[in-house]
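This is what each chain is made of:
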Amino acid sequence: MSEPTESLPVVEREGAGGATLAQSASAAEYETRPTLEDGDRTPRFWSARRVPAGLCAVVLLGGAGVLLYDIAAVRAGRTAMGWRRSVARELAERPLDDTAVLVGAGVAAALGLWLLVLALTPGLRDVLPMRRTHPDVRAGLHRGAAAMVLRDRAMEVSGVQSVRVRMKRSTVDVRAQSHFRALDDVRTDLDAALGDGIRQLGLGSAPRLSVHVARPGRKG
């Protein structure tokens, strides 16, 4: 059973073309389903970051290989490569407040910060972790699939003409249009149907539900 919500007053406002638009909105919060054990939290899935990791590895491997080759060539009695002599001369002669030095330092700092963010954040924002029913099994649900399931549940409610569902990490935003029945009645039925739908998804942490119902605008 969903938590009871207070009936909100219907607000009348003028829509496009002077049509009268009746709107009603509600927001209901649903408790998180119990996890496998008390205090057990369902963490997010971590992305492998294969593309950034691969690019970083290729750049470091290539730079280190070229530098080691040049050092070995110098040890063998050959002259250093021109780029290394040029870089050493620029680093020795160019002042620290030079524009090129500042731009290069800024780019390096930005890249380093980007890599730190990638290393410290889980990623995979499109995958919602599900409640763990077995300690060795983890499951996730894509946001698009969850939104489609809730949209189908909303379309089963009497009076709903069209509905749009946006599935976020902590909120499910539902905007529906009703062509008959009282808007408050449609909203109450949507709260109940979508509340059951959210619980049946089996998410590790149940998101809040925000339902907005309005009349469709007149054509022409």
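Structural data are supplied above this passage.
Residues numbered from 1 in each chain as written. Predicted model: local features only at pLDDT ≥ 70, side-chain atom pairs only at ≥ 80, totals over all residues. Heavy atoms only, no water.

## Here we look at the overall build of the chain
Right, so step 1: The secondary structure content of the chain amounts to five helices and seven strands.
Right, so step 2: Seen in sequence order, the chain has helices and strands lined up from the N terminus as β-β-α-α-α-β-β-α-β-β-α-β.
Right, so step 3: Counting over 220 residues, the chain shows a buried share of 28%.
Right, so step 4: Expressed as a percentage of contacts within the chain between residues at least 6 apart in sequence, the contacts between residues at least 24 apart total 63%.
Right, so step 5: Summed over its atoms, the accessible surface of the chain is roughly 14,700 Å², and 59% of this surface lies on carbon and sulfur atoms. (Helix = DSSP H or I, 4+ residues; strand = E, 2+ residues; numbered from the N terminus. Buried < 20%, exposed > 50% of the residue type's maximum accessible area, 1.4 Å probe, protein only. Contact = heavy atoms within 4.5 Å. Areas by Shrake-Rupley, 256 points an atom, 1.4 Å probe, with all protein chains shown as cover.)

## Brief notes about unusual backbone geometry
Right, so step 1: With a phi angle near 75°, Arg181 is a residue other than glycine that sits in the positive phi range.
Right, so step 2: Topologically, Arg181 is positioned in the loop between strand S6 (171-178) and helix H5 (183-201).
Right, so step 3: Assessed through its relative accessible area of 27%, Arg181 is described here as partly exposed.

## Points about the nonpolar core
Right, so step 1: Within the largest apolar cluster, 26 residues are counted, with the highest numbers of intra-cluster contacts made by Leu150, Met167, Val172, Val174 and Leu190.
Right, so step 2: Where this core is concerned, the elements lending two or more residues are helix H4 (143-155), strand S5 (160-167), S6, H5 and strand S7 (208-214).
Right, so step 3: No other element matches the seven residues that H5 contributes to this core.
Right, so step 4: Apart from the residues lying within four places of it in its own chain, the contact partners of Met167 are Leu128, Arg143, Ala146, Ala147, Leu150, Val172, Leu201, Leu203 and Pro207. (Core = buried A, V, L, I, M, F, W, Y, C linked by side-chain atoms within 4.5 Å.)

## Observations concerning the pairing of S6
Right, so step 1: Where burial is concerned, most of S6 is hidden: six out of the eight residues are buried.
Right, so step 2: Sheet analysis places S5 next to S6, joined by seven bridges and oriented antiparallel. If you follow Ser162 over to S6, its bridge partner there is Gln177.
Right, so step 3: Counted along the chain from S5 to the antiparallel partner S6, the turn is three residues long.
Right, so step 4: For S6 and S7, the ladder comprises seven bridges, and the chain directions are parallel. Paired with Thr171 across the two strands is Arg208, which belongs to S7.
Right, so step 5: Of the crossover connections in this fold, the one passing from S6 over H5 to the parallel S7 is right-handed. (Pairing = 2+ DSSP bridges. Right-handed = clockwise from strand over helix to strand, strands pointing away.)

## Things to note about the pattern of salt bridges
Right, so step 1: Within the structure shown, the criterion is met by seven salt bridges.
Right, so step 2: Arg84 is the partner of Asp70 in a salt bridge, and the nearest nitrogen-oxygen pair spans 2.1 Å. Of the two residues, Asp70 is situated in helix H1 (residues 50-75) and Arg84 in helix H2 (residues 82-93); the sequence distance between them amounts to 14 residues.
Right, so step 3: On the basis of relative accessibility, which here comes to 1%, the residue Asp70 falls in the buried class.
Right, so step 4: Arg84 sits in the partly exposed class, given a relative accessible area of 26%.
Right, so step 5: Residues joined by salt bridges that share partners form a network here, namely Glu90, Arg94 and Asp98. (Salt bridge = Lys/Arg side-chain N within 4 Å of Asp/Glu carboxyl O.)

In short, shape yes, function no, at least from these values alone.
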